[in-house]
2 protein chains.
Amino acid sequence: MPVLVVGSVAFDSLKTPYGEAREIVGGAATYFSVTASFFAPVNVVAVIGEDFGAEQLKVFEGRPIDTSGLERAQGRTFRWSGEYSGDMNEARTLDTQLNVFERFAPKLPASYLDSDFVFLANIQPSLQLEVREQLPKAKLVGLDTMNYWIQGAPEELRRTLARVDMLIINDKEARMLAGVDNLRRAATAIRKLGPSTVVVKRGEYGACLFQDDTIFFAPGYPLEEVHDPTGAGDTFAGGFMGYLAGAGELSDRNLRRALVYGSVMASFAVEEFGLERLLRLERSEIEARFNEFKNMTQFEV
Amino acid sequence: MPVLVVGSVAFDSLKTPYGEAREIVGGAATYFSVTASFFAPVNVVAVIGEDFGAEQLKVFEGRPIDTSGLERAQGRTFRWSGEYSGDMNEARTLDTQLNVFERFAPKLPASYLDSDFVFLANIQPSLQLEVREQLPKAKLVGLDTMNYWIQGAPEELRRTLARVDMLIINDKEARMLAGVDNLRRAATAIRKLGPSTVVVKRGEYGACLFQDDTIFFAPGYPLEEVHDPTGAGDTFAGGFMGYLAGAGELSDRNLRRALVYGSVMASFAVEEFGLERLLRLERSEIEARFNEFKNMTQFEV
């Protein structure tokens, strides 16, 4: 089944200990789409400016990504620039220019309205809610958010959380949202706000899934070098939701495998700058690394 | 087979957000012995002062722990006091009184000299080396160390590392010892110093084993409350080495299971102050939590 993603498409400029990149294609919806497209057809809703040309659009081409929801608006595309140093777990934002993203009002093509699998990437919570309400048939609605909305729009975020099935969030923001330092208690508190499943992204430590009585851990892949962490979280979400959409069924077995695929995909994304590694990734490489995860975590009882 | 531990026995005074304790029995050798004794007979070499009485010695009683290597010296027992706050991943040391530990010269009873499994807890590296050289038949010698020796006695530590099979160390200290931030590269660098196996303790994130081409992760148990992290690392080592000694064989299967048992045991230790939880722990509780770890990490390929 296809997976629908609503989020940002951007030009990123960034600096890491391994180098610099200027105005490369990025954005949550982009990382998510490219990643999820390895597992399922993807429908993408986002806005681009007049400066997002044929060259940039190539990232979506040759893959099962439907870009009829990609709106072109007058003006410049969203721009972000940031810098990573030290443990590279967090970017220092140098500049944000919202440009056409400032007035982003997601418009869903009619053909997207019966989506089963939906990922609402990190945008204003009231916009996320508007999209969600147009998708009454959705089997699984996943949501991401960030400190900016947790602190700046807590009421809107609460209303949105009450209407989604799953929150996919990083550990620091999970703790902030719940107002609790302990991760397990934070997950329990968040589940009371609406989402029956909470997926916590833990950077180099991998990810963790909380649902009813189930807790499931996937480690982070032990890379020797992380060149650019940009988009790792959205790549994770793309692997996770993409795998579930492709599998079609929300069984415990599939949720576990999905978490591992999320961690697998994120590990590839950070190996090189921007989308580079993902754009030349082969399905066989994904499966090989998935098997490595099995080997790194399995033991006999 | 029995496991031999050489290390400290102490009186700990500590404060955590959950309360305070004054002069309770602690020390690396104590946490290790009590924990390992669930899996194998333990021989302990340590020094106690005149103030370590029958009441305190009870922690070793009723378990397969041979205390003939427990030397009683004139003076007071080693004392440590510390405080935990915030994320409780690190103690702030308030006071250290070495007392009889200052002149600790480990003496091995003749019956310990053919030990197969040995854990050299965190003491001065040259003492660790002296002990190691008395145990030519050892199948597996594990070593712990800390920032104090990494910075203050680097040459002695290098000589000792060259003679052991396994280093069991926390992540921060692994990075410091290797002089490399990346964990995988740090493990590779440490293995070049001698130990063919490196086990990295990662606090709430669990532990990770590096050996030849094998990397294996065990998560930390997702506790809702951590009351006292004191001794968690030595408890981990006790579960890990104790399980291996009990199993007798250093197979890949056993190493993996050992890492999980280490994580299981550490998760119990931190639930209450000092040795409290470990002293009333039942083998059935250990097995139940081991199975929980299986459930939290296993997925189908």
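Residues numbered from 1 in each chain as written. Chains lettered and ligands numbered in written order. Predicted model: local features only at pLDDT ≥ 70, side-chain atom pairs only at ≥ 80, totals over all residues. Heavy atoms only, no water.

Q: It is not clear to me how the interface of chain B and chain A should be interpreted in this structure. Could you clarify?
A: Often, the extent of an interface is quoted as the loss of accessible area upon association of its parts. Opposite the 35 residues of chain B that make contact, chain A presents 35 residues. The contact between chain B and chain A buries some 3,500 Å² in all, and 49% of this surface belongs to carbon and sulfur atoms. Considering only the side of chain B, the residues that lose the most area to chain A are B:Tyr205, B:Phe217 and B:Phe299, jointly responsible for 20% of the buried surface there. Taken together, the links from chain B to chain A amount to 8 salt bridges. A salt bridge links B:Glu224 to A:Arg184; the nearest nitrogen and oxygen atoms lie 4.0 Å apart. At the junction of chain B with chain A, the criterion picks out 26 residue pairs in polar contact (both at pLDDT 80 or more). Among the elements of the structure, helix H6 (171-178), helix H7 (183-191), strand E13 (214-218), helix H9 (252-269) and helix H11 (283-297) of chain B are those that each provide at least two residues to the side of chain B that touches chain A. In terms of residues, the side of chain B that touches chain A owes the most to one element, H11(B), which gives 7 residues. For the side of chain B that touches chain A, the class distribution of residues is 15 nonpolar, 7 polar and 13 charged. (Contact = heavy atoms within 4.5 Å. Buried area = accessible area lost by both parts, 1.4 Å probe. Salt bridge = Lys/Arg side-chain N within 4 Å of Asp/Glu carboxyl O. Polar contact = N/O pair within 3.5 Å; in protein donor to acceptor, adjacent residues only side chain to side chain. Helix = DSSP H or I, 4+ residues; strand = E, 2+ residues; numbered from the N terminus. Nonpolar A, V, L, I, M, F, W, Y, C, P; charged D, E, K, R; others polar.)

Q: Sorry if this is basic, but what is going on with the sheet that holds strand E13 (residues 214-218) of chain A here?
A: All names here are of chain A. Sheet architecture is open: 9 strands sit in the order E5-E4-E1-E8-E9-E10-E11-E12-E13, paired in mixed fashion. Whereas interior strands pair on both sides, the edge strands pair on one side only; in this sheet they are strand E5 (65-72) and E13. Between one strand axis and the next, the sheet turns through 15° on average, direction left out of account. Pairing analysis gives 5 bridges linking strand E12 (residues 207-211) to E13, with the strands arranged antiparallel. Looking across to E13, one finds that Ala 207 is bridged to Ala 218. (Pairing = 2+ DSSP bridges. Axes fitted to C-alpha atoms, helices over the stretch in contact; angles between N-to-C directions.)

Q: I'm lost on the pattern of salt bridges in this one. Help?
A: Close approach of charged atoms allows side chains with opposite charge to pair. Within this structure, the stated rule accounts for 40 salt bridges over all chains. As a salt-bridge pair, B:Arg79 and B:Asp51 come within 2.8 Å of each other at their nearest N and O atoms. Taken together, the residues span a long stretch of sequence, with B:Arg79 in strand E6 (residues 78-83) and B:Asp51 in the loop between strand E4 (42-48) and helix H2 (54-57) at a distance of 28 residues. By relative accessible area, B:Arg79 is classed as buried at 8%. Look at B:Asp51 and you get partly exposed, because its relative accessible area is 25%. Its salt-bridge partner being B:Arg163, residue B:Glu133 comes within 2.9 Å of it at the nearest N-O pair. Taken as a pair, B:Glu133 in helix H3 (residues 125-133) and B:Arg163 in the loop between helix H5 (154-161) and strand E10 (166-170) lie far apart in primary sequence, 30 residues in all. For B:Glu133, a relative accessible area of 41% gives the class partly exposed. Salt bridges here are not isolated pairs; linked through shared partners, they connect A:Glu271, A:Arg277, A:Glu285 and A:Arg289. (Buried < 20%, exposed > 50% of the residue type's maximum accessible area, 1.4 Å probe, protein only.)

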